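Next come the chains, spelled out residue by residue.
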Amino acid sequence: MFELLGEQLFQLALVAALLVGLCAPAVGTFIVQRRLALLGDGIGHVALTGVALGFLTGTAPVLTAVLVSVVGAVAIELVRARGRTSGDVALALLFYGGIAGGVMLMAVAPGGSNAKLNSYLFGAIASVTPADIWVIAALAVAVIGVVVIFGRELFVLCQDEEMARASGLPVRFLSLLIAVTAALTVVIAMRVVGLLLVSALMVIPVATSQQLTRGFRATMATAMVFGVLASVGGLLASTVSPKVPPGASIVLIALAGFVLALAVGKFVRRGRSDEESRVGPTMRVEEVA
């Protein structure tokens, strides 16, 4: 196992897994809080059209995926905000249009093939190149920067949009910022877990963290830890057995962590409830921002 650390392919894959494990749950915390857990799936399908467009035009698929997924994320947010159609219908339009457009463009693109399509749908972390790492790193810095700079404002928006508007916050800008950041996260993760599974890494670590923590910051930090553990664990599982797909391994490890946290969380809450029944309720100050 340790000799793999000296191989460039494994080093690149490890860096990609770490970046994805950090970024996906960070953005996913806001998405889950705003009850848009399926947003990542919709953007992932749109990003497939961007990937195919890259093959069709002979440009870098990652860059065209960024452009198309950002446009799609902005479109879905504008449609949702204006109320012309419900959020679930708009997401369905992204699902069907994005996947159909991606398959069609990949079929007519020079050099396009089902193998290349599958590498983006289900991830191909072993094929990550140094150029991919530079792009992923740049996008990861942008995503983490948004979370650090606008974290408090985004938290208020996700808790109560009307309160955020009454507080004078730029609700439209912040809503678009969440959508664009989610789009960047999808592109970051598509080479690791694949476009069809990327939403799982944005949602499951957050759901796992919610079983064990209370404060918003604590939830996000713990989710990022779980995200890194799942990403690295899935990568290691795929190196031990080449037949094990890394994307699926990452998601299954994340799901196993959720089941374990669910059991631990119930045990802790039961113990806390028994203690309060003996000594009486106590006031807690919870960290919310």
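For every chain, the first residue of its written sequence is number 1, and the numbers climb from 1 along that sequence. Restriction of local features to residues with pLDDT of at least 70 applies here, the model being predicted, together with a cutoff of 80 or more for giving and counting side-chain atom pairs; totals for whole chains, interfaces and linings are based on all residues. Note that water and hydrogens are dropped before the side-chain values are worked out from all heavy atoms of the structure.

The name given to the protein chain in an unreviewed UniProt entry is Metal ABC transporter permease, and the organism recorded there is Nonomuraea bangladeshensis. UniProt positions are given in the numbering used here, feature names are shortened, and annotations may be inferred rather than shown by experiment. Word for word, the UniProt comment on the protein chain under Sequence similarities (unreviewed entry) is "Belongs to the ABC-3 integral membrane protein family."

Asks: Help me out: how do you make sense of the UniProt feature "transmembrane region" (unreviewed entry) in the protein chain in this one?
Replies: Per the UniProt record, the feature "transmembrane region" (unreviewed entry) sits at residues 12–31, 62–79, 91–113, 133–151, 220–241 and 247–268. Strands here mean DSSP runs of E at least two residues long; helices mean DSSP runs of H or I at least four residues long; both are numbered from the N terminus. Helix makes up 100% of residues 62–79 and strand 0%, and the two end C-alpha atoms of the span are 26 Å apart. Along residues 220–241, the helical share is 95% and the strand share 0%, with 32 Å between the first and last C-alpha atoms.

Asks: What should I look at first to understand the confidence of the model for the protein chain in this one?
Replies: If pLDDT is low for a region, its predicted coordinates should not be looked at in detail. Values of pLDDT, which run from 0 to 100, indicate the predictor's confidence residue by residue. In this model, the protein chain carries an average pLDDT of 79, and 84% of its residues clear a pLDDT of 70 or more. Per-element averaging of pLDDT across the protein chain places helix α5 (residues 114–121) at the bottom with 72 and helix α9 (residues 198–210) at the top with 88. For the stretch residues 281–289, pLDDT sits under 50, and the model shows 15 contacts to residues farther than four places along the chain or on other chains. In this description, contact between two residues means that some pair of their heavy atoms is separated by no more than 4.5 Å.

Asks: What's the story with the packing of aromatic side chains in this structure? I'm lost.
Replies: Two numbers describe a pair of aromatic rings. These are the distance of the centres and the angle of the planes. Only rings of Phe, Tyr and Trp enter the pairing, Trp through its six-membered ring, and a pair is recorded when the two centres are within 6.5 Å. The plane angle decides the type: under 30 degrees is stacked, over 60 is edge-to-face, the rest tilted. Scanning the entire structure with this criterion turns up 3 aromatic pairs. Centre to centre, the rings of phenylalanine 30 and phenylalanine 216 are 5.5 Å apart; their planes meet at 50°, and the pair counts as tilted. Taken together, the residues phenylalanine 30 in helix α1 (residues 8–33) and phenylalanine 216 in helix α10 (residues 216–240) connect sequence positions 186 residues apart. You'll find phenylalanine 30 and phenylalanine 216 in the same group, each marked buried. Here a set of aromatic residues connected by ring pairs shows up, and it is made of Phe30, Phe155 and Phe216. Three labels apply to residues, based on accessible area from a 1.4 Å probe with only protein chains included: buried if under 20% of the type maximum, exposed if over 50%, partly exposed otherwise in between.

Asks: Help me understand a nonpolar patch on the surface, please; the structure alone is not making it clear to me.
Replies: Together, Leu56, Met104 and Val108 give the surface a local cluster of nonpolar side chains, amounting to about 280 Å² of exposed area. Turning to its location among the elements, leucine 56 is positioned in helix α2 (residues 39–57). Here leucine 56 falls in the partly exposed class, since its relative accessible area comes to 33%. A patch consists of residues whose relative accessible area exceeds 30% and which take part in no salt bridge; residues with like charges are grouped when within 9 Å of each other, and nonpolar side chains (Val, Leu, Ile, Met, Phe, Trp, Tyr) when within 5 Å. A 1.4 Å probe and the Shrake-Rupley method give the accessible areas. Residues count as covered only by the protein chains that appear here. Criterion for a salt bridge: a side-chain nitrogen of Lys or Arg within 4 Å of a carboxyl oxygen of Asp or Glu.

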